[in-house]
Structure formats: C-alpha cells, structure tokens
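In case you want the letters, here they are:
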Amino acid sequence: MKNFILGLAVLSTVMMKAQTQIIAHRGYFQTQPPTTENSLQSLENAQKLKIYGAEFDVRMTKDGVLVINHDEHHGKMEISEATFKELEALKLSNGEKFPTLKDYLKQGKKDKSLKLIVEIKPAKTPEIENEITQKTIKMIRDMKLESQSEFISFSLNICKEIKKLAPSSKVQYLNGELSPEQIKKEGLDGMDYHYSVFQKNPTWIAEAKALGLITNSWTVNDVAVYDELKKQGIGFVTTNIPDQLKNK
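Since this is a predicted model, take the numbers as computed values, not measurements. (Residues numbered from 1 in each chain as written. Predicted model: local features only at pLDDT ≥ 70, side-chain atom pairs only at ≥ 80, totals over all residues. Heavy atoms only, no water.)

### Some words on the packing of aromatic side chains
Then comes step 1: In this structure the tally under the stated criterion is 5 aromatic pairs.
Then comes step 2: On the basis of an interplanar angle of 80 degrees and a centroid distance of 5.7 Å, the ring pair of F154 and W218 is categorised as edge-to-face. Highlighted residues: F154 in the loop between β7 (149–153) and α6 (156–165) and W218 in strand β10 (residues 214–218), separated in sequence by 64 residues.
Then comes step 3: Of the residues examined, F154 reaches a relative accessible area of 25% and is grouped as partly exposed.
Then comes step 4: Taken together through their ring pairs, the aromatic side chains of Y193, F198 and W204 make up a single cluster. (Phe/Tyr/Trp six-rings, centres within 6.5 Å; stacked < 30°, edge-to-face > 60°. Helix = DSSP H or I, 4+ residues; strand = E, 2+ residues; numbered from the N terminus. Buried < 20%, exposed > 50% of the residue type's maximum accessible area, 1.4 Å probe, protein only.)

Take a look at the structure:
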C-alpha cells in the first residue's frame, strides 16, 4: 500500500511538472552574447535548452522561395516583393546569411526531441497563402519532418488549408477572437493566444481543455504571468526567456 501511495505521489509530481511546456519564441536569441531572432543560431540555442519546441516564421519571396523572417521587411526590402537573391545580399544582424525554410529544417532535423513550431505568416491574398502553405507542407514531408512539426497562424484560411493538406498535423490559431467552441467547430487542434486574451476570458483555458484542445499563450516574458497561466492549467507558453521558465 505504501508503495502504491508513493507511486501515485511520484506520478502526480511528474504530471504537475509536465503540465506547462516551454516553446522558444523565434528560437532562443536573448543569450549572452545575444544573437538574432529567427536565426539558425537561435534555433541551435533552443535545441541545447532541452525544451518542448522552437517557434519560427515562414514567408515567401517574390520568386517563390520560402524564408524565415518575422517582419514583412528584411532591411528596407518587402519580402514578398523582392527576390531571394536580393534578400540574401543583406545578412542578419549576427552575421548569418538570410535563412531559408530549408536551412531551418536542416538544423531542426539535427535534434528530433525539439518540436518545430511553424508559423506561416498571412499573405496578401488567399491564393498566395495557399501556395505558401502547400510548399511548406511539401518541404516538411520531403524532409520527413511531419512528426516533429506543428503549425500556427494568424490566418484562419492558412490553418484550414494545413488541416486539408495534412489532417493529422497539429494546427493552432493565433488571432484570439475565436472561443474554444468555435476553434473546435473549425476543426482545428487548439488556440495559441496572447496572454491578455486569456486574462480577459478566464474560463477559456478550462473550456478548451474540456474540449480536448491544445492551449498555448504568447509571448510570456513575465514570470508572474507565467505562474498565473500555469495555475489555470495552460498546456504551453511561448517565450523569449525559455531558459528562465523551463525549470519553474
């Protein structure tokens, strides 16, 4: 009986620790010395932390090359209106070359324990969004990274296109206006909302969990906010300080 109770206590402790997992936002770039967000070095840094995953942003150049960059612009160039050759002429602030999705996936494949959280950025038309999504899914399949990759987007169209092309993939919506019930009705796997959305809707995490949905929150860089979300039972947080939150 004592062993049974001890086993339950250990299991309970493990489950408590496993409740909230950490995702590095645009990789882990706030290092010493610091590096650049969405760089290969930031992804490698995240791999060394032994956390759940690293998030990064996918866009497409004028000539159809999939690249990694959060903002619409790289320097003064608008990514969707510039060729890859033009864009790669300007290096990242840490001296790295401008990364393609293929570069990023190659680095990601070196550590199968780190999930690749692929954010496909909204584009100017649904047709372009669908093209980016199709190319991204194809590349991930060709590199045999389906089981390591999960998807997020602010575009509901992109989220639904991913589910159409890769039904078994985990897809979470970022924009914040849909309730857990609406997310479920759209056929998506979860909600990945700014923490202020969960603060305004304090029942949503519990409702989402009851519906079997994934719950994630961005960008949680305050320990007090992290503790608040963790108490509500959130599944994941995306953060610029993964090193500080991973053992809390």
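### Some thoughts on empty space enclosed by the protein
Then comes step 1: Under the criterion given, the structure shown has 1 cavity of 30 Å³ or more.
Then comes step 2: Every residue along the wall of the largest cavity is listed here: I137, I140, R141, E146, F151, A166 and S169.
Then comes step 3: For the lining of the largest cavity, the element with the highest residue contribution is helix α5 (residues 126–142), accounting for 3 residues.
Then comes step 4: Residue composition of the lining of the largest cavity, by class: 4 nonpolar, 1 polar and 2 charged. (1 Å grid on protein atoms, 1.4 Å probe; cavity = no way out; pocket = protein on both sides within 12 Å on 5 of 7 lines; lining within 4 Å. Points joined across faces, edges and corners; volume = space filled by probe spheres on them. Nonpolar A, V, L, I, M, F, W, Y, C, P; charged D, E, K, R; others polar.)

### Some words on the pattern of salt bridges
Then comes step 1: For the structure shown, the criterion picks out 15 salt bridges.
Then comes step 2: Residue E119 is joined to K121 by a salt bridge in which the shortest nitrogen-to-oxygen separation is 2.9 Å. Each member of the pair, E119 together with K121, is buried.
Then comes step 3: For the salt bridge of K185 with E181, the shortest nitrogen-to-oxygen distance reads 3.6 Å. Of the two residues, K185 and E181 are both situated in helix α7 (residues 180–185); the distance of 4 residues between them amounts to about one turn of the helix.
Then comes step 4: Residues joined in a network through salt bridges with shared partners are D57, E119 and K121. (Salt bridge = Lys/Arg side-chain N within 4 Å of Asp/Glu carboxyl O.)

### Structural notes on helix α2 (residues 40–49)
For an α-helix, 3.6 residues make a turn, and residues three or four places apart therefore share a direction.
Then comes step 1: Along α2, the residues that are buried comprise S42, L43, N45, A46, Q47 and L49.
Then comes step 2: Those residues of α2 hidden inside the fold are in contact with β1 (21–24), β2 (53–60), α4 (101–108), β6 (115–120) and α11 (242–245). (Contact = heavy atoms within 4.5 Å.)

### Description of the nonpolar core
Then comes step 1: In terms of nonpolar packing, the biggest core is built from 51 residues, with F56 and Y193 touching the most fellow members.
Then comes step 2: Each residue touching Y193, except ones within four places of it in the same chain, is listed here: Y173, L174, N175, G176, E177, L178, I183, F198, W204, N216, S217 and W218. (Core = buried A, V, L, I, M, F, W, Y, C linked by side-chain atoms within 4.5 Å.)

### Some points on the UniProt feature "domain: GP-PDE" (unreviewed entry) in the protein
Then comes step 1: Sequence positions flagged by UniProt for "domain: GP-PDE" (unreviewed entry) are, in local numbering, residues 20–248.
Then comes step 2: Secondary structure across residues 20–248 comprises 36% helix and 21% strand; the distance between its end C-alpha atoms is 10 Å. (UniProt positions renumbered as here; feature names shortened; annotations may be inferred.)

### Looking at the environment of L87
Then comes step 1: Relative to the assigned elements, L87 resides in helix α3 (residues 84–88).
Then comes step 2: Classification of L87 by relative accessible area gives buried; the value is 0%.
Then comes step 3: Residues L87 and P180 lie 93 residues apart in sequence; the distance between their C-alpha atoms is 39 Å.
Then comes step 4: Setting aside residues up to four positions removed in sequence, L87 forms contacts with T61, H74, M77, I79, A82 and F98.

### Quick look at the layout of surface pockets
Then comes step 1: If you add up the space inside the largest pocket, you get close to 330 Å³.
Then comes step 2: Lining the largest pocket are 18 residues; nearest its centre among them are M60, S80, P122, A123 and K124.
Then comes step 3: Within the residue set of the lining of the largest pocket, elements represented by two or more residues are β2 and α5.
Then comes step 4: A per-class count over the lining of the largest pocket returns 7 nonpolar, 3 polar and 8 charged.

### Considering the packing of α5 against α6
Then comes step 1: α6 packs onto α5 with a crossing angle of 40 degrees between their chain directions and a minimal axis gap of 10 Å. Judged on the interaxial angle alone, α6 and α5 are oblique. Of the two possible hands of crossing, α5 and α6 adopt the one that is right-handed. In this structure, α5 uses P126, E129, N130, T133, Q134, I137 and R141 to contact α6, whose residues at the interface are N157, I158, E161, I162 and L165.
Then comes step 2: In the contact of α5 with α6, the residues fall into 5 nonpolar, 4 polar and 3 charged. (Axes fitted to C-alpha atoms, helices over the stretch in contact; angles between N-to-C directions. Parallel < 35°, antiparallel > 145°, perpendicular 65-115°, else oblique. Left-handed = near helix turned anticlockwise from the far one by under 90°.)

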